[in-house]
Amino acid sequence: MSEFSGAIIIGGGPAGLATALRLQQTTNISCRIYELRAEPTTLGGAVGIPSNGLRLMHRLGVHDALCAKGNSESEMIVRAAQGSILGRRDMVGGATDGYLRIKRIDLLDVLMEAAEEAKIPIYYNKRIVQIEEGKDKVTATFSDGTTDAADILLGCDGIHSSVRKLYVDPLQEPEYSGVASIFTIIPASSLSASAIAQMKGINATITQEGMFLAMPCMATHEEIMWGFSQEVPLPTSGDIRDGWEVHAKEEVKGFKEKMHRLLQDARGEWGAAMREIIDTTPTVKFYPIYRLPLGGSWYKGRCLLVGDAAHAMQPHAGQGVSMATEDAFMLARLLQDEGKALGDVFQRFDEIRRPRITEMYKVAARNGDLRQRTGPWGLVAKQLAIKLYLWGSGTFGQSASRMGDLAYDVEEEDLEEL
Ligand SMILES: Cc1cc2nc3c(=O)[nH]c(=O)nc-3n(C[C@H](O)[C@H](O)[C@H](O)COP(=O)(O)OP(=O)(O)OC[C@H]3O[C@@H](n4cnc5c(N)ncnc54)[C@H](O)[C@@H]3O)c2cc1C
């Protein structure tokens, strides 16, 4: 049994909920979660959960509930701008625990229901404004004047983490990845039967200006998420936030015209389906993709950053949720060692998790680069390279490193120091 009895968790996203659930399941540490928003957010699109994350969801006891909501079709079809198929890839990648695409709000619903069953309290409307450490406790103060003290404080509060800014590593700032997206979720009922028939698994189309993706995100196929991600320069004049707002307005206003222009050469049933998707979409959201530079501090005193608060990466490896869940499991394992001081637990956490996170971060950045703008000949070269790559992995199997990434089990990591 751990000598620690309580943890304050800041942030009620996937990292905060998974960490609270795992600590409650496997240690005697009781958790309470403090969430900034007034209620669970409906923002966000769909997130991927590959095998390495899904097997942990199994152990959290939420796998079946997740699969009942999300879509587990795992084949990705990659097409050229003209609609011809360049190749296929199975997102299960030779691992054994499947693949799931689920709306972020559905994922949160399932995790929150599990937290409620486990009697983990979640307090909403809580903005942390101060963190103070005493001899054997850390105290969090919130903007409404309330405080809480515990043995441990976990910053699970996402890329713009207050725990990081207030205490753990104030100098670490998110940076723009160079890629921005428009995306939306539309009801499948707005599409014709022939367009719906095209909507299986993940469909990627490579264009000169970026990548178009369309996929069902519910088990029932009721909703389709589509998005277009591309290289967009950082606004240069004036305030960056204002610059993004102006850019977002332009993208949202002109999305139909732009998408039709980019997809004008797409032929066949797929081309018709994409045009129909765009025509039936009332509006889209625009978001520039930010990440945290590698190398920041993850812990200080009794505080540890978990999930995106520590290591937000681009979404292009589909590993954000799974990395947060792996963090949760690793932390819970390390805290089971009753003889270990908290500083040693956090240090070991950092030593074990950092190489794995760095690897995934680089995969996400490389996948993001596929969205870079090219000329007509660049597009031909890019399509050829993708075709050869997908043919190679289809014929000779996925690369050992990719299979390893998905087969990876965080619970098999050796906890002993080398
Ligand atoms: C609104 C939203 C939409 C997203 N949409 C997508 C998507 O479409 N696709 C994708 O791949 N990834 C998306 N992500 C990112 C994805 O959810 C994360 O990469 C992944 O789930 C890791 O989870 P996390 O809990 O570490 O961070 P997050 O999911 O960012 O969760 C952090 C939580 O902390 C809360 N919080 C923030 N600041 C504070 C504070 N000061 N005090 C208390 N609570 C705080 C937030 O409200 C949120 O609930 C989204 C994240 C958010 C917040």
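Above this text you will find the structure in question.
Scope of this entry: the structure provided in the associated data block. Note that the structure is predicted; figures quoted are calculated from it, not measured. (Residues numbered from 1 in each chain as written. Predicted model: local features only at pLDDT ≥ 70, side-chain atom pairs only at ≥ 80, totals over all residues. Heavy atoms only, no water.)

**Points about the pairing of strand β14 (residues 210-216)**
Argument step 1. Among the seven residues that make up β14, seven are buried, leaving the element largely enclosed by the rest of the structure.
Argument step 2. Taken together, the four bridges between strand β13 (residues 202-206) and β14 define a ladder with antiparallel strand orientation. The partner of Asn203 across the bridge, within β14, is Ala214.
Argument step 3. Between β13 and β14, which pair antiparallel and follow one another directly, the connecting turn spans three residues.
Argument step 4. Alignment of β14 against strand β15 (residues 223-231), held across seven bridges, turns out to be antiparallel. Bridge pairing links Leu213 to Gly227 in β15.
Argument step 5. Joining the antiparallel neighbours β14 and β15 is a turn of six residues, in which His221 adopts a positive phi near 65°. (Buried < 20%, exposed > 50% of the residue type's maximum accessible area, 1.4 Å probe, protein only. Helix = DSSP H or I, 4+ residues; strand = E, 2+ residues; numbered from the N terminus. Pairing = 2+ DSSP bridges.)

**Thoughts on the environment of Val168**
Argument step 1. Looking at where Val168 falls in the secondary structure, it is placed in helix α5 (residues 162-168).
Argument step 2. Put simply, Val168 and Trp298 are 130 residues apart on the chain and 6.8 Å apart in space, counted from C-alpha to C-alpha.
Argument step 3. Ignoring any residue separated from it by four or fewer positions in sequence, one finds Val168 in contact with Val163, Ser297, Trp298, Tyr299, Lys300, Cys303 and Leu305. (Contact = heavy atoms within 4.5 Å.)

**A short note on the site of the ligand**
Argument step 1. Residues in close proximity to the ligand total 26 residues, the closest being Ala15, Glu35, Gly45, Arg104 and Asp308.
Argument step 2. Within the contact set of the ligand, a nitrogen atom lies 2.9 Å away from a side-chain nitrogen or oxygen of Ser162.
Argument step 3. The contact in question runs from an oxygen atom of the ligand to an N or O atom on the side chain of Asp308, over 2.8 Å.
Argument step 4. Bound to the protein, the ligand loses 84% of the 920 Å² it would expose on its own.
Argument step 5. Elements with a contribution of two residues or more to the shell around the ligand: α1 (14-26), β3 (46-49) and α11 (320-335). (Near = heavy atom within 4 Å. Polar contact = N/O pair within 3.5 Å; in protein donor to acceptor, adjacent residues only side chain to side chain. Areas by Shrake-Rupley, 256 points an atom, 1.4 Å probe, with all protein chains shown as cover.)

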